[in-house]
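Close look at the chain arrangement
Here's the letter readout for the chains.
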Amino acid sequence: MENQPEEIVRLEQVTYSYNNIPAIKDINLSINRGDFLAIIGPNGSGKTTLLKIIVGLLKPNQGRVWLFGLPLDKFNQWFRLGYIQQKATYFDPVFPISVEEVVGSNLQAIRKEKALTRSQIKDRVHEALRIVSLEKEIKKLIKELSGGQQQRVLIARALATEPEILLLDEPTEGVDALTQERFYDLLGQLNQEKNLTIVLVTHDYVIVNKHVKQVACLNQKLIYHGKHSEFCQSTVVQELLKGGHHFVSHRH
Ligand code: ADP
Ligand code: MG
C-alpha cells in the first residue's frame, strides 16, 4: 500500500499586495514531502513574493498558510525550512569572512532553540561542507572561491540546520551552464537520497528539468500546477510558447 503523502506546505486562496497592488492572487498550492517543485514564471510574476510568504517573511493579506500541518500563527519551527534568497551569492567582496563562518552562521541563530553545543555546530558545518564537496575549502575566505563554489557554500549553510524543505530563489543567476548543471545535479541528489523536499524558483526552465518532479507556473495567479511530464504537453505551455516564452524541454 502506498503511504499517504505528507503535506508540508499548504496555501489556500493566498493574496499578497504591495501598496494595494496584488503581486500574487488567490494562490492554492500544496507541497508534499519529497517533492521537487519548480516554480516558474516571467519576471515580476510574483515568484519571490510567493516564496517569502512560504518562509514567513511576508504575511498574506488574504488566505491561509499551513506549515508542517500547523496554521502559520501556531508555527515557530523555522529551522525546518531552508531558504536561499535571490541574489544571495553577492557576498561583500571586501569583508573577510571564511567558509566555516558562513556555513555556521545560521546555526548560531537556531542554537538557543535546539541547544546545539559548539562541537555539534562544528560537526554540522563539516557534514554540510562534505555534502557539497567543499571540505577542503573550510578555512578559505569566501572571496577566494569561484561563483559556483560560493553557491555551494550557501547550500551548505542552508543544509547545516538540517532543513526538511529547501527553497531556492533563482539560485543560478549569473553562473555558467556547466556549473548550473552540477548544481542542479546536487539538488537532484539531495532530493533522491535524503528525500529533501525542494522548491526551486526560476525563470529559466531549460536546465532544471532533469530532476524536477512537479511544476507550478505563476503569473500573479497560479496558471498550472502538476507533474512535470504533463506540464510539457499541457495547453498552458503551448499558450506560453505562442506568447514568446522560452520554456523549452530537453527531456524528450
Ligand atoms: P518575481 O520574483 O517573479 O520577479 P516579485 O515577487 O519580485 O516577482 O514581484 C512581483 C510584483 O510585485 C512585481 O510587480 C514587483 O514590482 C512587485 N514588488 C515586489 N517587491 C515589491 C516591493 N517591495 N514593493 C513594491 N512592489 C514590489
Ligand atoms: Mg524574483
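Calculation notes
Residues numbered from 1 in each chain as written. Chains lettered and ligands numbered in written order. Predicted model: local features only at pLDDT ≥ 70, side-chain atom pairs only at ≥ 80, totals over all residues. Heavy atoms only, no water. Helix = DSSP H or I, 4+ residues; strand = E, 2+ residues; numbered from the N terminus. Contact = heavy atoms within 4.5 Å. Areas by Shrake-Rupley, 256 points an atom, 1.4 Å probe, with all protein chains shown as cover. Near = heavy atom within 4 Å. Polar contact = N/O pair within 3.5 Å; in protein donor to acceptor, adjacent residues only side chain to side chain. Nonpolar A, V, L, I, M, F, W, Y, C, P; charged D, E, K, R; others polar. Donors = N, O, S within 2.8 Å, 3.2 Å for Na, K, Ca; no water. Pairing = 2+ DSSP bridges. Axes fitted to C-alpha atoms, helices over the stretch in contact; angles between N-to-C directions. Buried < 20%, exposed > 50% of the residue type's maximum accessible area, 1.4 Å probe, protein only. Parallel < 35°, antiparallel > 145°, perpendicular 65-115°, else oblique. Left-handed = near helix turned anticlockwise from the far one by under 90°. Expected span 1.5 Å × (residues − 1).

Before going further, it helps to spend a moment on the overall build of the protein. Counting its secondary structure elements, the protein contains seven helices and ten strands. For the protein, the proportion of contacts with a sequence separation of at least 24, taken over those separated by at least 6, is 67%. For the protein, the computed accessible surface area is about 13,100 Å², with 48% contributed by carbon and sulfur atoms.

What follows covers the site of ligand 1. Around ligand 1, the structure places Tyr18, Ala23, Pro42, Asn43, Gly44, Ser45, Gly46, Lys47, Thr48 and Thr49. Between an oxygen atom of ligand 1 and a main-chain N or O atom of Gly44, the distance comes to 2.7 Å. Surface burial for ligand 1 is 56%, taken as the share of its 560 Å² of free accessible area covered by protein chains. No other element matches helix 1 (residues 47-54), which puts three residues into the shell around ligand 1. Considering only residue class, the shell around ligand 1 consists of three nonpolar, six polar and one charged.

What follows deals with the coordination of the magnesium ion (ligand 2). Surrounding the magnesium ion (ligand 2) are the protein donor atoms Thr48 (OG1) and Gln86 (OE1), at 2.0 to 2.4 Å. Of the two residues, Thr48 is situated in helix 1 and Gln86 in the loop between strand 6 (81-84) and helix 2 (99-114); the sequence distance between them amounts to 38 residues.

We now examine the sheet that holds strand 3 (residues 36-40). Strands in a sheet are paired, the pairing made by backbone hydrogen bonds, and the direction either parallel or antiparallel. Strand order in the open sheet made by the six strands is 6-7-8-3-9-10, with mixed pairing throughout. Looking at strand neighbours, the two that pair on one side only are strand 6 and strand 10 (221-227), the edges of this open sheet. Within the sheet, the average angular offset between the axes of one strand and its neighbour, ignoring direction, is 15°. The pairing of strand 3 with strand 9 (residues 214-219) spans four bridges and is parallel. In the strand pairing of strand 9, Ile40 is matched with Cys217. Here helix 5 (residues 177-194) sits on the sheet in contact with strand 3, strand 7 (165-169) and strand 8 (197-202), set at roughly 150° to strand 8.

With that settled, consider the side chain of Glu170. In this structure, Glu170 sits in the loop between strand 7 and helix 5. We classify Glu170 as buried; its relative accessible area is 7%. Each residue touching Glu170, except ones within four places of it in the same chain, is listed here: Lys47, Gln86, Val201, Thr202 and His203.

The next thing to look at is the packing of helix 3 (residues 118-131) against helix 4 (residues 147-160). Running from N to C, helix 3 and helix 4 cross one another at 135°; their axes reach a closest spacing of 8 Å. When the axes of helix 3 and helix 4 are compared, the pair comes out oblique. By crossing handedness, the relation of helix 3 to helix 4 is classed as right-handed. Across from Arg124, Ala128, Leu129 and Ile131 in helix 3, the residues of helix 4 making contact are Ala156, Leu159 and Ala160. Residues belonging to the contact of helix 3 with helix 4 are distributed by class as follows: six nonpolar, no polar and one charged.

A few words on unusual backbone geometry. Where the residue is not glycine, phi is negative for most of them; where a peptide bond is considered, it is trans in most cases. A positive phi is found at Gln13, a non-glycine position, where the angle reads about 50°. Mapped onto the secondary structure, Gln13 falls in strand 1 (residues 7-18). Take Gln13: its relative accessible area is 41%, and that puts it in the partly exposed class. The phi angle at Asn20 is positive, at roughly 65°, despite the residue not being glycine. Its location among the elements puts Asn20 in the loop between strand 1 and strand 2 (21-32). Given a relative accessible area of 76%, Asn20 falls into the exposed group.

Another aspect to go through is helix 5. Taking 1.5 Å per residue, 18 residues should reach 26 Å; helix 5 reaches 25 Å between its end C-alpha atoms and fits that length. Where helix 5 is buried, its residues touch strand 3, helix 3, helix 4, strand 7 and strand 8. Asn195 sits one or two positions beyond helix 5 and adopts a positive phi of about 55°.

None of the figures reported here should be taken as evidence of function without further support.
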